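Single-letter residue listing:
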Amino acid sequence: MSDSRDASRFSRRKFIHNTGVLGAGAVMAASPLGRSLAAASSKTRLVLVGTGIRGITFWGKSIQDNYGDVAEFVGLCDINPGRMEFARRHIGVPDCPLFGSFDEMLKVAKPDLVLVTTVDSTHDEFIIKALDAGINVVTEKPMTTTAEKCQAIVEAAERSKARLVLGFNYRYGTLFTEIRKMLGAGKIGEITSIDFNWYLNNYHGSSYFRRWHGIREKSGTLLLHKSAHHFDLLNWWVGSDPVEVHAYGGLEFYGSNHPFRGTRCTGCEFKDSCTHYWDISEDPLLVNLYVNNEQHDGYIRDACLWRPEIDIFDKMAVQIRYANNVQVSYSLTTYSPYEGFRLAFNGKLGRLETWEGVPSLMQAQQDQSQLHAKEMDQNSHTTEELDFHEIITQSNFGEMERVELPFDRKAHWGGDPIMMDEILRRKVAYPDLHHQANYRDGAMAILIGIAARTSIDEGRAVKIEELTGLTPQVDKWAV
Ligand SMILES: NC(=O)c1ccc[n+]([C@@H]2O[C@H](COP(=O)([O-])OP(=O)(O)OC[C@H]3O[C@@H](n4cnc5c(N)ncnc54)[C@H](O)[C@@H]3O)[C@@H](O)[C@H]2O)c1
């Protein structure tokens, strides 16, 4: 990096090293049903429903490889038998029973914990059935895709003695945790507003439009599928519940906007002229998981980006007002030349900001296709081009201060193992930071997305209270 960035512009420079940050204060959770979902004595009996890429890599193989001493898979379930067979081999559990029926799996496998990694619009069925059977659940985000399903999950969670935890891994990341600590310590005083812009590059952004994610009925739109992560971070940083949302959105790049289209990249006649052509045959894992199992369910993993049935937004701008009066300006772009984000908090005593991947700030260009390959590797998620993250604060009428953290993009800013340790090893890195997300957190994150979607559809501001029976609270930790 240039010298101007390194020293002279800043009054103070502080380095925080991962081990120092995340090792601090690690404790064992008080009870198995406290923060941990692990079984009290023997290995935690796990079942997983949804043996797609997320299920078999991030949850399946990484648990088998790293938590085999405390957890064991006793069942895998999917509607695609071929994918399930491959999953068993990939995870490394050759004797694990396979189930086409979730009900049967619960009955036979008698799990301690259900992991839900199916298509977004189907999460509710498995969450509710597991909670009603008194079994703890960890679900992938988004918790679900409609207000009605959200209400049903909230009711199931409230009547069950079992717990529902959301896999909001971003919260645990080093950078995002450090921001939470600085805000909590009053670094910029009372927060009044936040600017948050997220950019998906052409590789990553387009990947959503090739898959089921491009269909609103399945993903709820990217306002839920993708932005749920960002809305959850906002809710967690602000510490209050959202009350009102106004949004704009459009579909102007993908789908029927393009002059030509095929059905899928494999064998496409426009292979040489399409800027977004993608060769799935170069990735053996995706071939084994999807291409080799198309005959079972007809799911095409490399579907055309320009197919007319795509009905989600590809540009989104969302305004959020919180119960404590904080207001947020958020946007999501799905066809950016680079991948990254800009984030700034305005407080009564000053401003805090950070960013990632913005070439003009990095004074370097990253290879976006390489970056995307790493993004898609559920266990790696790393890049070497940057060697730091920075958080810049400036007090009103004061000087800038810069906190530098080692660049940690691996495993979602280093957060994945911390989240997994909390779930399976009863190890809690920061007992006071409320890292673990419960059903209410899952609901509030998607309710912003559902409100934004409704706002775009109906051209009006939408109150969070109209959507479910949940009442927004000024202090979310008080609930
Ligand atoms: N936290 C993150 O960063 C992150 C990253 C990627 C994916 N995810 C989430 O993980 C989940 C899975 O994503 P993916 O990319 O692996 O999708 P995928 O399409 O590869 O896998 C989904 C699997 O669910 C199966 N399935 C669908 N309906 C089912 C049903 N009714 N019963 C049983 N199985 C069913 C499909 O056959 C498929 O094997 C999604 O909810 C997604 O939002 C989260």
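Residues numbered from 1 in each chain as written. Predicted model: local features only at pLDDT ≥ 70, side-chain atom pairs only at ≥ 80, totals over all residues. Heavy atoms only, no water.

Within the protein, the secondary structure is distributed over 19 helices and 19 strands. When contacts within the protein are restricted to residue pairs at least 6 apart in sequence, long-range pairs at least 24 apart make up 77% of them. Counting only carbon and sulfur atoms, one obtains 50% of the accessible surface of the protein, whose full area is about 18800 Å². (Helix = DSSP H or I, 4+ residues; strand = E, 2+ residues; numbered from the N terminus. Contact = heavy atoms within 4.5 Å. Areas by Shrake-Rupley, 256 points an atom, 1.4 Å probe, with all protein chains shown as cover.)

To continue, consider the packing of helix 12 (residues 227–238) against helix 19 (residues 439–458). In the contact formed by helix 12 and helix 19, the axes pass within 8 Å of each other and the chain directions differ by 120°. Relative to helix 19, helix 12 is oriented so that their crossing is right-handed. For the pair helix 12 and helix 19, contact is made by Ala 228, Phe 231, Asp 232 and Asn 235 and by Asp 441, Met 444, Ala 445, Ile 448 and Gly 449, respectively. Split by residue class, the contact of helix 12 with helix 19 holds five nonpolar, two polar and two charged. (Axes fitted to C-alpha atoms, helices over the stretch in contact; angles between N-to-C directions. Left-handed = near helix turned anticlockwise from the far one by under 90°. Nonpolar A, V, L, I, M, F, W, Y, C, P; charged D, E, K, R; others polar.)

So, about the environment of Leu 285. Position of Leu 285 among the secondary structure elements: in helix 13 (residues 284–289). On a C-alpha basis, the gap between Leu 285 and Ile 53 in space is 8.6 Å, while along the polypeptide they are 232 residues apart. Once residues lying within four places of it in the same chain are set aside, the contact partners of Leu 285 are Ile 53, Ile 56, Thr 57, Phe 86 and His 90.

Quick look at the confidence of the model for the protein now. Confidence along the protein averages 90 in pLDDT terms, with 87% of residues attaining 70 or more. The low-confidence segment residues 1–26, where pLDDT is below 50, has 60 contacts with residues more than four positions distant or belonging to other chains. Within the model, the stretch residues 28–34 combines pLDDT values under 50 with 16 contacts to residues more than four positions away or in other chains. (pLDDT = per-residue confidence, 0-100.)

To continue, consider the pattern of salt bridges. According to the stated counting rule, one finds 31 salt bridges in the structure shown. The salt bridge involving Glu 178 is made with Lys 181; its shortest N-O contact spans 3.5 Å. Separated by three residues within a single helix, Glu 178 and Lys 181 lie in helix 8 (residues 174–184), roughly one turn from each other. Looking at Lys 181, the relative accessible area reads 29%, which means it is partly exposed. The partner of Glu 309 in a salt bridge is Arg 307, and the shortest N-O contact between them spans 3.8 Å. Overall, the relative accessible area of 9% leaves Arg 307 in the buried class. (Salt bridge = Lys/Arg side-chain N within 4 Å of Asp/Glu carboxyl O. Buried < 20%, exposed > 50% of the residue type's maximum accessible area, 1.4 Å probe, protein only.)

This brings us to the site of the ligand. Close to the ligand lie 26 residues; Asp 78, Arg 83, Asp 120, Trp 212 and Tyr 290 are nearest. One of the side-chain N or O atoms of Asp 78 is found 2.6 Å from an oxygen atom in the ligand. The contact in question runs from an oxygen atom of the ligand to an N or O atom on the backbone of Lys 141, over 2.9 Å. Isolated, the ligand exposes 840 Å² of accessible area, and the fraction of that covered by the protein chains is 90%. At the level of secondary structure, the elements contributing two or more residues to the shell around the ligand comprise helix 3 (53–66) and helix 6 (123–132). Its residues assigned to classes, the shell around the ligand comprises eight nonpolar, 11 polar and seven charged. (Near = heavy atom within 4 Å. Polar contact = N/O pair within 3.5 Å; in protein donor to acceptor, adjacent residues only side chain to side chain.)

Moving on to the nonpolar core. One recurring pattern in soluble globular proteins: nonpolar side chains tend to sit buried together. The biggest cluster of nonpolar side chains holds 135 residues, and the ones touching the most others in it are Trp 59, Ile 63, Phe 73, Met 143, Ile 179, Trp 237 and Phe 345. In terms of residue count, the dominant contributor to this core is helix 19 (11 residues). Not counting the four nearest positions on each side in its chain, Phe 345 is found in contact with Ile 179, Leu 183, Ile 188, Ile 191, Ser 193, Ile 194, Trp 237, Gly 350, Arg 351 and Leu 352. (Core = buried A, V, L, I, M, F, W, Y, C linked by side-chain atoms within 4.5 Å.)

With that settled, the discussion passes to the packing of helix 7 (residues 147–159) against helix 19. At a minimum axis separation of 10 Å, helix 7 and helix 19 run at an interaxial angle of 170°. If you check the angle between helix 7 and helix 19, you find them roughly antiparallel. On helix 19, the residues touching Ala 147, Cys 150, Val 154, Ala 157 and Glu 158 of helix 7 are Tyr 439, Ala 443, Ile 446, Leu 447 and Ile 450. Each residue belonging to the contact of helix 7 with helix 19 can be placed in one class, and the counts come to nine nonpolar, no polar and one charged. (Parallel < 35°, antiparallel > 145°, perpendicular 65-115°, else oblique.)

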